[in-house]
Amino acid sequence: TRWFIIQLNDELALMEDVKKQKIIKEIQGVDRFQLARFFHERDISKFNPTKNPITDALREQKVLSLSKVEKWWYSHIHTNSLQFDGVIPKIEFYNLYIEATKDKHMAMPTFYRYLYKLAGKLVNKRMIQGISRKRVYCIMLPTLEDARDRWRYIMADPHWSFPVNDDDDDSDSDVEVDESTV
């Protein structure tokens, strides 16, 4: 089964019956021979019926049909709300997912199987943490751009757009200054 998803204007559906009938008569009044000639003379040699165009409506449909893990990961790569290109304990990262989605049935190994598919090869490390010098299993997250490129690859859409990352700006515009002490 093939699906072609487009977004249409529903203006005709909301129109009065009199106006709607006028438009329908106008469409039906088109000379069928001219229309057939137009289609007969049209060059379709480069048309590929197996390659469906990727539309914004198709992207929206894909987002609506994501699993919980995919939605959670997409929200982070869309908003840049994780510390990408950093190391985080595996249990901590898993708990971030559980707290955000309230998904009590997702086992940690299953979560990481999904994540490996979405993020690509995650580097596993054992690191010493805290005063107790306890060894903890950690993962190194990919860079934001690598995560977004992987998303485009998985969605088979090289043109999937994300918001521009303004975090690279080195200005201190978000620092508040107490002018009473100056």
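Residues numbered from 1 in each chain as written. Predicted model: local features only at pLDDT ≥ 70, side-chain atom pairs only at ≥ 80, totals over all residues. Heavy atoms only, no water.

Below, the discussion takes up the overall build of the chain. Assigned secondary structure in the chain consists of seven helices and three strands. Taken from the N to the C terminus, the helices and strands of the chain come in the order α-α-α-α-β-α-α-β-β-α. Here the chain holds 182 residues, and 25% of them are scored as buried. If you take every contact in the chain between residues at least 6 apart in sequence, the share linking residues at least 24 apart comes to 59%. Just so you have it, the chain exposes about 14700 Å², and 54% of that area is on carbon and sulfur atoms. (Helix = DSSP H or I, 4+ residues; strand = E, 2+ residues; numbered from the N terminus. Buried < 20%, exposed > 50% of the residue type's maximum accessible area, 1.4 Å probe, protein only. Contact = heavy atoms within 4.5 Å. Areas by Shrake-Rupley, 256 points an atom, 1.4 Å probe, with all protein chains shown as cover.)

Turning our eyes to something else, we now look at the nonpolar core. Of all hydrophobic cores here, the largest spans 27 residues; its most connected members are Trp73, Ile77, Phe93, Phe111, Leu115, Ile139 and Trp151. Contributions of two or more residues to this core are made by helix H4 (68–79), helix H5 (90–101), helix H6 (108–119) and helix H7 (144–154). The residues contacting Ile77, other than those within four sequence positions of it, are Phe84, Leu144, Ala147, Arg148, Trp151 and Phe162. (Core = buried A, V, L, I, M, F, W, Y, C linked by side-chain atoms within 4.5 Å.)

We now examine unusual backbone geometry. Of note, Asp85 is a non-glycine position whose phi angle comes to about 60 degrees, a positive value. In this structure Asp85 comes out as partly exposed when scored by relative accessible area, which is 45%. With a phi angle near 55 degrees, Ala156 is a residue other than glycine that sits in the positive phi range. Tracing the sequence through the fold places Ala156 in the segment after H7.

Following both chains from N to C, one finds H4 and H6 inclined at 50 degrees, their axes separated by 10 Å at the closest point. By the angle between their axes, H4 is oblique relative to H6. For the element pair H4 and H6, the recorded crossing hand is right-handed. In this structure, H4 uses Val69, Glu70, Trp72 and Trp73 to contact H6, whose residues at the interface are Phe111, Tyr114, Leu115, Lys117, Leu118 and Ala119. Tallied by class, residues from the contact of H4 with H6 come to eight nonpolar, no polar and two charged. (Axes fitted to C-alpha atoms, helices over the stretch in contact; angles between N-to-C directions. Parallel < 35°, antiparallel > 145°, perpendicular 65-115°, else oblique. Left-handed = near helix turned anticlockwise from the far one by under 90°. Nonpolar A, V, L, I, M, F, W, Y, C, P; charged D, E, K, R; others polar.)

A pair of packed helices is captured by two measures, namely the crossing angle of their axes and the spacing between those axes. Two numbers describe how H4 lies on H7: the axes approach to 10 Å, and their chain directions differ by 130 degrees. One way to sum up the angle between H4 and H7 is to call them oblique. The hand of the H4/H7 crossing is left-handed. Residues Glu70, Trp73, Tyr74, Ile77 and His78 of H4 pack against Leu144, Ala147, Arg148 and Trp151 of H7. Residues that form the contact of H4 with H7 fall into these classes: six nonpolar, one polar and two charged.

Here the focus is the confidence of the model for the chain. A residue-level look at the chain finds 86% of positions with pLDDT of 70 or above and a mean pLDDT of 83. Looking across the chain, the model is least confident in strand S2 (residues 123–129), with a mean pLDDT of 77, and most confident in H7, with 94. This model gives residues 168–182 a pLDDT under 50, and the stretch forms one contact once residues within four places in sequence are excluded. (pLDDT = per-residue confidence, 0-100.)

One pass over the structure, following the stated rule, counts 14 aromatic pairs. Relative to Phe111, the ring of Phe93 lies with its centre 6.1 Å away and its plane at 50 degrees, an arrangement referred to as tilted. Of this pair, Phe93 sits in helix H5 while Phe111 sits in helix H6, and the two are 18 residues apart along the sequence. An identical accessibility class is assigned to Phe93 and Phe111; each is buried. A network of ring pairs unites the aromatic residues Trp72, Phe93, Tyr94, Tyr97, Phe111, Tyr112 and Tyr116 as a single cluster. Directly above the aromatic system of Tyr112 lies the positively charged group of Lys90, at a separation of 4.8 Å from the ring centroid. (Phe/Tyr/Trp six-rings, centres within 6.5 Å; stacked < 30°, edge-to-face > 60°. Lys NZ or Arg CZ within 6 Å of the ring centre and 35° of its normal.)

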